[in-house]
Amino acid sequence: VELGYGLVALADKRRGGDLLDRVTSVRRTFAQEMGVIVVWGRGVVEVAPDHAVVSIGVINKRPTPADALDGNSASSRRVIDFLKANGIEERDIRTLAVSLSGDVRMRRDAQGNATQENDGYIATNTVEARLRQIGKLGVILRDALDHGANRITGVRFGIENSEVVQDNARTRAVADATRKAKLLAQAAGLQLGTIVRIESPPRQQTSSSDAAADLPIRRAAPRASVPIEAGMIEITADVDVVWRLSP
């Protein structure tokens, strides 16, 4: 009870109490200090790719597993030698897959009953090559057919030192968030204070041909290089920035 009467006295302005004014001041200060603004920023950088990655394979079918694998190995060796002869370093060539499997076909007897029977063996060998001279890609794709290749499974373009470009995009993202935050704060009659938090989830997407769809190749004449357009690679960075606000 005594405590209650004491609080009443402190809150009663007629008695000189200033408790309510002090509480209001504390609340105002707390609101100012806790007032924040969260702004999302995006930075985008477009650069030309400096290399291409392509998967080139050999697939063949023979009556016996040994014939299938031996024939495939000989053709694959010619493809690899061809790639090296065209300036692709050994470190930029790697085997992706080697497989050997039996093939079957369906046969029906006079009564219409279907049965499976052996139809030889299929061998495949696929290598991935990194071309640092993108201008030669079309010619290499076409000429690889003359050296035993009969399967191309995707062309991708990339950047060797992508982290430098990513950092540039992050810098632009922070600048974009800052511009938006200043605009919003000014519209609200406030000022930006210190930064409370920055969150930067890395995101990357490309606008170039980055798909790896299968491209079965048939030998054709007349001989011509494969048309290739590398396009541009778009590096995107997003940030969330939290600022304190001040009046």
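Scroll up a little and you will see the structure.
Residues numbered from 1 in each chain as written. Predicted model: local features only at pLDDT ≥ 70, side-chain atom pairs only at ≥ 80, totals over all residues. Heavy atoms only, no water.

Caption draft 1: Quick peek at the overall build of the protein. Scanning the protein from terminus to terminus reveals five helices and eight strands. Starting at the N terminus, the α and β elements of the protein follow one another as α-α-β-β-α-β-β-α-β-α-β-β-β. Counting across all 247 residues of the protein, residues that qualify as buried make up 31%. Long-range contacts, defined as pairs at least 24 residues apart, comprise 83% of the intrachain contacts of the protein with a sequence gap of at least 6. Approximately 15,500 Å² of the protein is accessible, and the part contributed by carbon and sulfur atoms is 53%. (Helix = DSSP H or I, 4+ residues; strand = E, 2+ residues; numbered from the N terminus. Buried < 20%, exposed > 50% of the residue type's maximum accessible area, 1.4 Å probe, protein only. Contact = heavy atoms within 4.5 Å. Areas by Shrake-Rupley, 256 points an atom, 1.4 Å probe, with all protein chains shown as cover.)

Caption draft 2: Highlighting a nonpolar patch on the surface. Side chains of Val 36, Val 38 and Val 196 sit close together on the surface and give an oily, nonpolar patch of about 230 Å² of accessible area. In this structure, Val 196 sits in strand 6 (residues 191-199). (Patch = residues over 30% accessible without salt bridge, like charges linked within 9 Å, V, L, I, M, F, W, Y side chains within 5 Å. Salt bridge = Lys/Arg side-chain N within 4 Å of Asp/Glu carboxyl O.)

Caption draft 3: Summary view of helix 5 (residues 162-187). With 26 residues, helix 5 should reach 38 Å at 1.5 Å per residue; the first-to-last C-alpha distance of 38 Å fits that figure. Regarding helix 5, the residues found buried are Val 165, Gln 166, Ala 169, Ala 173, Asp 176, Ala 177, Ala 181 and Ala 185. A positive backbone phi angle near 75° is found at Gly 189, which sits one or two residues after helix 5. (Expected span 1.5 Å × (residues − 1).)

Caption draft 4: Quick peek at the nonpolar core. Within the largest apolar cluster, 31 residues are counted, with the highest numbers of intra-cluster contacts made by Val 54, Ile 56, Leu 83, Ile 88, Leu 131, Leu 137 and Phe 157. Contributions of two or more residues to this core are made by strand 1 (36-47), strand 2 (51-62), helix 3 (65-85), strand 4 (114-131), helix 4 (137-145), strand 5 (151-158), helix 5 and strand 8 (233-246). Counting ten residues, the second largest nonpolar core, distinct from the first, contains Ile 37, Val 39, Ala 177 and Ala 181. (Core = buried A, V, L, I, M, F, W, Y, C linked by side-chain atoms within 4.5 Å.)

Caption draft 5: Representation of the side chain of Asp 176. Mapping Asp 176 onto the fold places it in helix 5. Only 3.0 Å separates the side chain of Asp 176 from the backbone nitrogen of Arg 42, close enough to count as a polar contact. When residues no more than four places from it in sequence are discounted, the contact partners of Asp 176 are Trp 40, Gly 41 and Arg 42. (Polar contact = N/O pair within 3.5 Å; in protein donor to acceptor, adjacent residues only side chain to side chain.)

Caption draft 6: Focus on the pairing of strand 8. Most of strand 8 sits inside the fold, with eleven of its 14 residues counted as buried. Relative to strand 8, strand 6 is paired through six bridges, and the arrangement is antiparallel. By the bridge assignment, Arg 197 is partnered in strand 8 with Val 242. (Pairing = 2+ DSSP bridges.)

Caption draft 7: Spatial organisation of the pattern of salt bridges. According to the stated counting rule, one finds 19 salt bridges in the structure shown. We note a salt bridge from Glu 163 to Arg 170, for which the minimum N-O separation is 3.1 Å. Relative accessible area serves as the criterion here: at 44%, Glu 163 is assigned to the partly exposed category. Residue class for Arg 170 comes out partly exposed when judged on its relative accessible area of 24%. Beyond isolated ion pairs, a larger network of salt bridges with shared partners links Lys 61, Asp 103, Arg 105, Arg 107, Glu 117 and Asp 119.

Caption draft 8: Here's a closer look at the environment of Ala 144. Position of Ala 144 relative to the elements: it lies in helix 4. Since its relative accessible area comes to 0%, Ala 144 is described here as buried. Distance in space between the C-alpha atoms of Ala 144 and Leu 83 is 7.9 Å, their sequence separation being 61 residues. Apart from the residues within four sequence positions on either side, Ala 144 is in contact with Ile 56, Phe 82 and Ala 149.

Caption draft 9: Representation of the sheet that holds strand 8 in the model. Strands sit in the order 1-8-6 across an open sheet of three strands; the sheet is antiparallel. Lying at the two open borders of the sheet, with one neighbouring strand each, are strand 1 and strand 6. The mean angle between the axes of side-by-side strands here comes to 35°, regardless of whether they run parallel or antiparallel. Its contacts with the sheet put helix 5 on strand 1, strand 6 and strand 8, and the angle it makes with strand 1 is roughly 140°. (Axes fitted to C-alpha atoms, helices over the stretch in contact; angles between N-to-C directions.)

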